[in-house]
Each structure stands twice: as C-alpha cells, then as structure tokens.
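What follows is the residue order along each chain.
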Amino acid sequence: MLRKAVRSYGGILANPAAVLQAARAMGSAASAFGGIPRETADTVVIGAGVVGIAVARELALKGREVLVVEAASTFGTGTSSRNSEVIHAGIYYPSKSLKASLCVKGRELLYRYCCDREIPHKKIGKLIVATSVAEIPMLEHLLRCGKENGVEDLKMMEEFQAMQMEPELQCVKALLSPSSGIVDSHLLMLSLVGEAESYKTTFSYNSAVIGGHLEDSLLHLHITESEDLKNVAKDAQLSPQFVLTPRLVINSAGLSAIPLAKRFDGFNKEILPAAYYSRGCYFTLSKTKIPPFSHLIYPIPEDGGLGVHVTLDLNGLVKFGPDVEWIECVDDISCFTNRFDYSVRLDRSDKFYPEIRKYFPNLRDGSLEPGYSGIRPKLCGRGMPSMDFVIQGEDIHGVPGLVNLLGIESPGLTSSLAIAQYIASKYSK
Ligand SMILES: Cc1cc2nc3c(=O)[nH]c(=O)nc-3n(C[C@H](O)[C@H](O)[C@H](O)COP(=O)(O)OP(=O)(O)OC[C@H]3O[C@@H](n4cnc5c(N)ncnc54)[C@H](O)[C@@H]3O)c2cc1C
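Conventions we followed
- Residues numbered from 1 in each chain as written.
- Predicted model: local features only at pLDDT ≥ 70, side-chain atom pairs only at ≥ 80, totals over all residues.
- Heavy atoms only, no water.
- UniProt positions renumbered as here; feature names shortened; annotations may be inferred.
- Helix = DSSP H or I, 4+ residues; strand = E, 2+ residues; numbered from the N terminus.
- Buried < 20%, exposed > 50% of the residue type's maximum accessible area, 1.4 Å probe, protein only.
- Arc of directions from axis to C-beta.
- Contact = heavy atoms within 4.5 Å.
- Phe/Tyr/Trp six-rings, centres within 6.5 Å; stacked < 30°, edge-to-face > 60°.
- Lys NZ or Arg CZ within 6 Å of the ring centre and 35° of its normal.
- Core = buried A, V, L, I, M, F, W, Y, C linked by side-chain atoms within 4.5 Å.
- Near = heavy atom within 4 Å.
- Polar contact = N/O pair within 3.5 Å; in protein donor to acceptor, adjacent residues only side chain to side chain.
- Areas by Shrake-Rupley, 256 points an atom, 1.4 Å probe, with all protein chains shown as cover.
- Salt bridge = Lys/Arg side-chain N within 4 Å of Asp/Glu carboxyl O.
- Axes fitted to C-alpha atoms, helices over the stretch in contact; angles between N-to-C directions.
- Left-handed = near helix turned anticlockwise from the far one by under 90°.
- Nonpolar A, V, L, I, M, F, W, Y, C, P; charged D, E, K, R; others polar.
- Domains from an automatic or database assignment.
- Pairing = 2+ DSSP bridges.

Q: It is not clear to me how the UniProt feature "domain: FAD dependent oxidoreductase" (unreviewed entry) in the protein should be interpreted in this structure. Could you clarify?
A: Taking the UniProt record as the reference, the feature "domain: FAD dependent oxidoreductase" (unreviewed entry) is found at residues 42-424. Taken end to end, residues 42-424 is 27% helix and 27% strand, and its first and last C-alpha atoms sit 14 Å apart.

And the structure:
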C-alpha cells in the first residue's frame, strides 16, 4: 500500500529501479541500504494530525506535490482527536511568543474557514474565574497578557455580573473572553483532508517513518508499513522497506516528533529539546438534560495545563477536564504507533469533584463518568517554566529542507491554519 501511494503521487518520483541502481553505486550510507528501494519526492509531511493536514493543504495550495505519511490507519487519531475542541482566543501565552501570535491569527483563520465551509462551530465565549480573592491578581495578569497579544474584547466582570450570565457559577471575579469558542475538530480535519486531496496531496496511511539518515546533506527518510512494528521489541534494530528522499520534509509527528528526529542519523541531536508527556483525562456529566453552563468555564491555569475546565461540545455534552498527570515516555517505536495508555479510571474522579466544586458547588455526587484522555507533547516537565512551540528549520539545525514541529500542545488546534501559513511562507520557497 505504501509503495502504491508513493508511486501514485505526483509526477516527480524517480524510477525505483534506476534509483536503486544509483544507490548501489553510492557511498557508505547508500550501501547500508543496498537492496532497499529508494524514491524521491517533492514534499513529505510526517503525521496526519490537524497540524500536518493543515500544512499539507497549505503547501499543496501553493503548488507543491505533497505526500502525507501517517502511521495510523486514518487521519486525526492522535492528540487531534483527544482535546477540548476549544478555539482559544490567545490569552495565556507570553507576548511575542509563537503560541501568542499563531493562536490569535489561527483563531481568526479558523473562524473564517469554518464559516466559509459550514463546519460546525460556535463562538460561545469563555469565563476564566477567580474563586478566591488570592486568585484575582492572576486574573488581572491574564487580562494584561491577552491585551498585549491582541485579544481586544476581554472584559473583567464582577461576581454578580458573571453569576447573572451563569447562575450555577460561583466565583469572586471573572474574565470574559467573547471570542473563545468550540469546533467540531473531526469535521474540520475531514474538510482539510478533502481540500488537500483535491490539490493532489496523497495520504499514505499505515506507513511509519522509523528514522532517516543524512546523505549529500539531504534527509533520507526510512519508511515501513506500520503493521511491521506491531510485534517488534522496543530496542530492536529496525530496517526500512524503502527510503524516500524529499526536497522538503515537515516532521509533524506530534508526540513522536522528538523521538523520531533522534533517529535521524547525522542530525545534530543536541539541538532537540527534551520531550515530556502529560496526560489529561476528561469526565462527562451524566444524566443532564440541560447543561449547567452556556459558556466555557475555566479556572486559573495550573502547572502544566489550563486547569480542569468546563467544555461543551456541539451536541451539548458537558465535559470536565483535562487534569495533569506527568507520565513516562513510552519507547519510540510504541510512540510511532500511538501505544500510550489512554484509559480513564473512575477513581480518578475523586480528584475532579473538589476541583470542579470550587466554581460549580452544585455538582452532584456520582454525576461524573469517565470520558477520554489525551497526551500533551510538552517541552517542559513538572514545575518548569512553560515553553513556546518550537519550529526548527535549516536556519536552526543546518539540514536543508527539514522542518521539525516540536511541542505542538495547546493551542495547536486553534493555531493549525496559522502554523501552516507560517511554514509555507518561511520554508517553502
Ligand atoms: C488534553 C488536550 C487538550 C487540548 N485542548 C486543546 C484545545 O481545546 N484547543 C487547542 O487549540 N488545542 C488543544 N490541544 C492541543 C491540540 O490538540 C494539539 O496541539 C494538536 O492536536 C496537535 O496536532 P498535531 O497534528 O501536531 O499532532 P497529532 O494530532 O498527535 O498528529 C500527529 C500524527 O503523527 C502520526 N505519527 C506519529 N509518529 C509517526 C511516525 N513515526 N510516522 C508516521 N506518522 C506518525 C500520529 O499517528 C498522528 O496521527 C489539546 C491537547 C491535549 C492533549
């Protein structure tokens, strides 16, 4: 399937037999892959999450021939389908950071994109709440931060004003963000995939990039069918089914982006930040005909996350989460095939009730049911200062045509279209 996808893609693929012959005549790196077919390509995007898909679409719109290599059997099965589906306004991030600028721009692009294509979304607004006087300075800090980032419509609300808007809410003050909203992330991805395909992007599913090597200063990707990784021991030597040499590679492998880049032989690993992983679980509110809230309700952010907040989806389902649980990384091969533990145990809700009751005192005992979980690809661990998105091109690591997208945690969904434009304008000449 993988070879077929590559062959059917664009026009510039070299004849595999000729490439193989040339490879045999080459130096040491080539002979190490003697017998393994090679292909060339214009652009390869590794990973079909919302960011990879958005980048593939943008590059295809700009006229590039794009192949998306995805280890799973379809698009969007990683973090992109395990999040809050919130369109963030751009409040929390340090000014001039990539997170701030790409979130604010991405939010505008996303609302416009969803309106134009009738993708379900709603600008329902959000209240960030201080539940004690001690938290008010943090709320004021967020107001300043949001304004610096260009979020123009924030409004500080007194307790009675917030509770007029949300009678079930308990708080001492709140920050209203009218431009926050929710989106059906799956239909968003479906639309982006459809458009990318109509601009001749090819998606090769069940295909894992297992590493690469530098040869003639270009990155050569090692690719295999994901099926072959199923029963492989975690420290096994992997051998590719074939080697693909693109002119432009976007490493958008989400949780795997750093472990994968570490498998690029000849790449300066010191340039890679450390990878940390933090699981966030969601619980849903059972037996509720009418949602208790009509806005998103967020507490003051905590270390590693935005706090256990209230999210509504477009069907009116009320979700609480995600919490923060620092986890060990799985080995890199398991990472490529997304073998993380996503289970949500009921006893975990013991920690949710007191957190939620700080702002929703009427939450009934026994009303929380396990929902789902997602894992944040973080660049900082417990207690460390938060980190910005890291986008590394040749200017940073010296390898022509390679772009690494690292630490694309929240607000990655909101920022996806802006990240795509950023990459197309900076790295696709
Ligand atoms: C709990 C949680 C809540 C969040 N809430 C929000 C929110 O409300 N709003 C918001 O804006 N953002 C939110 N985010 C962030 C957002 O979900 C992510 O930033 C975004 O989904 C990242 O997309 P991605 O394409 O980079 O990664 P992913 O969706 O993880 O996609 C990466 C893809 O790469 C594939 N892959 C991995 N390794 C390989 C390999 N070796 N070869 C080939 N393919 C490979 C994977 O299978 C996967 O499909 C949240 C994140 C979490 C964890």
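Q: Just checking my understanding: could you explain helix α11 (residues 349-357) for this structure?
A: Residues that lie three or four places apart on an α-helix share one face, since the helix turns once every 3.6 residues. Every buried residue of α11 is accounted for by S349, F352, Y353 and I356. Buried positions in α11, seen along its axis, are confined to an arc of 105° and lie on one side of it. Facing away from the buried side of α11, by more than 90 degrees, are the exposed residues D350 and K351. Those residues of α11 hidden inside the fold are in contact with β14 (276-285), β17 (318-321) and β19 (368-378).

Q: Any chance you could explain the packing of aromatic side chains here in plain terms?
A: When we look at a pair of aromatic rings, we describe it by the centre distance and by the angle of the planes. Here the structure, examined in full by the defined rule, presents 9 aromatic pairs. Seen from their ring centres, F293 and F360 are 5.0 Å apart, and the 70° between their planes marks the pair as edge-to-face. Here F360 lies in the loop between α11 and β19 and F293 lies in the loop between β14 and β15 (296-298), a separation of 67 residues in the sequence. When sorted by exposure, F293 lands in the same class as F360, which is buried. Each member of the aromatic cluster is reached from another via a ring pair, and the members are Y277, F340 and Y342. The cationic tip of R82 hangs over the ring face of Y342; the distance from NZ or CZ to the ring centre is 3.7 Å. Across from the ring centre of Y298, 3.7 Å away, lies the NZ or CZ of K126, which sits over that ring.

Q: Whenever I open this one, the nonpolar core confuses me. Can you help?
A: Side chains of nonpolar character tend, in soluble globular proteins, to be buried together. L169, F320, I356, Y359 and L368 are the most contacted members of the largest nonpolar core, which has 49 residues in total. The contact partners of F320, leaving out residues within four places of it in the chain, are C281, Y282, F283, L285, V308, H309, V310, F352, I356, Y359, F360 and L368. Of all hydrophobic cores here, the second largest spans 45 residues; its members include V55, L59, L109 and L405.

Q: For this particular structure, what's the right way to read the site of the ligand?
A: Surveying the vicinity of the ligand reveals 39 residues, the closest of which are E70, S80, V209, I408 and T414. One of the backbone N or O atoms of G412 is found 3.4 Å from an oxygen atom in the ligand. For the ligand, an oxygen atom lies 3.2 Å from a polar atom in the backbone of L413. Isolated, the ligand exposes 1000 Å² of accessible area, and the fraction of that covered by the protein chains is 97%.

Q: Any chance you could explain the side chain of T201 here in plain terms?
A: With respect to the secondary-structure elements, T201 resides in the loop between α8 (185-198) and β9 (202-204). Taking the relative accessible area as the measure of exposure, T201 reaches 5% and is therefore buried. Beyond its immediate sequence surroundings of up to four residues, T201 is in contact with A56, A60, V66, V68 and A196.

Q: So what exactly am I meant to see when it comes to the pattern of salt bridges here?
A: Where charged atoms of side chains with opposite charge meet at close range, the side chains can pair. Scanning the model with the defined rule gives 20 salt bridges in all. A salt bridge links E325 to R279, with the nearest nitrogen and oxygen atoms 2.9 Å apart. With a gap of 46 residues between them, E325 in strand β18 (residues 325-327) and R279 in strand β14 connect regions that are remote in the sequence. Ionic pairing is found between R279 and D341, a salt bridge with its closest N-O pair at 4.0 Å. Taken together, the residues R279 in strand β14 and D341 in the loop between α10 (332-336) and α11 connect sequence positions 62 residues apart. Of the residues examined, R279 reaches a relative accessible area of 9% and is grouped as buried.

Q: Where do I start with unusual backbone geometry in this structure?
A: Trans is the prevailing form of peptide bonds, just as negative phi is the prevailing case for residues other than glycine. Of the consecutive residues G321 and P322, the connecting peptide bond is found in the cis state with omega at -15°. Within the element layout of this structure, P322 appears in the loop between β17 and β18. Between S410 and P411 the backbone carries a cis peptide bond, its omega angle lying at 10°. For P411, the position within the fold is in the loop between β21 (402-406) and α13 (412-427). The backbone of N206 sits at a positive phi, close to 55°, despite the residue not being glycine. Relative to the helices and strands, N206 is located in the loop between β9 and β10 (207-215). The backbone phi angle of D216 is positive, close to 50°, even though this residue is not glycine. Note that D216 resides in the loop between β10 and β11 (218-225).

Q: Please explain the packing of helix α4 (residues 50-61) against α13 as it appears in this structure.
A: The description of two helices packed together rests on the angle between their axes and the distance between the axes. In contact at an axis separation of 8 Å, α4 and α13 are set at 35° when each is read in the N-to-C sense. For the pair α4 and α13, the sense of crossing is right-handed. Across the interface between the two elements, V50, V51, A54, V55, R57, E58 and L59 from α4 touch G412, L413, S416, L417, I419, A420, Q421, I423 and A424 from α13. Of the residues that constitute the contact of α4 with α13, the class distribution is 11 nonpolar, 3 polar and 2 charged.

Q: How should the domain arrangement of the protein be read in this particular structure?
A: Interface size is often expressed as the accessible area that is lost when the parts come together. Domain assignment breaks the protein into domain 1 (2-79 + 187-273 + 388-427) and domain 2 (124-179 + 275-378). Listed per partner, the contact involves 25 residues of domain 1 and 16 residues of domain 2. Counting the contacts that link domain 1 with domain 2 gives 2 salt bridges. In this structure, K378 and E409 form a salt bridge, with 2.6 Å as the shortest nitrogen-oxygen distance.

Q: Is there a simple way to think about the sheet that holds strand β8 (residues 181-183) in this case?
A: Within a sheet, adjacent strands bond to each other through the backbone by hydrogen bonds, running parallel or antiparallel. Spatially, 3 strands are ordered β3-β8-β4 in an open sheet, and the strand pairing comes out antiparallel. Two strands close off the open sheet at either side, each with one partner strand: β3 (86-87) and β4 (121-122). Sheet topology places β3 next to β8; 2 bridges connect them, and they run antiparallel. The residue bridging I87 from the neighbouring strand is G181, located in β8.

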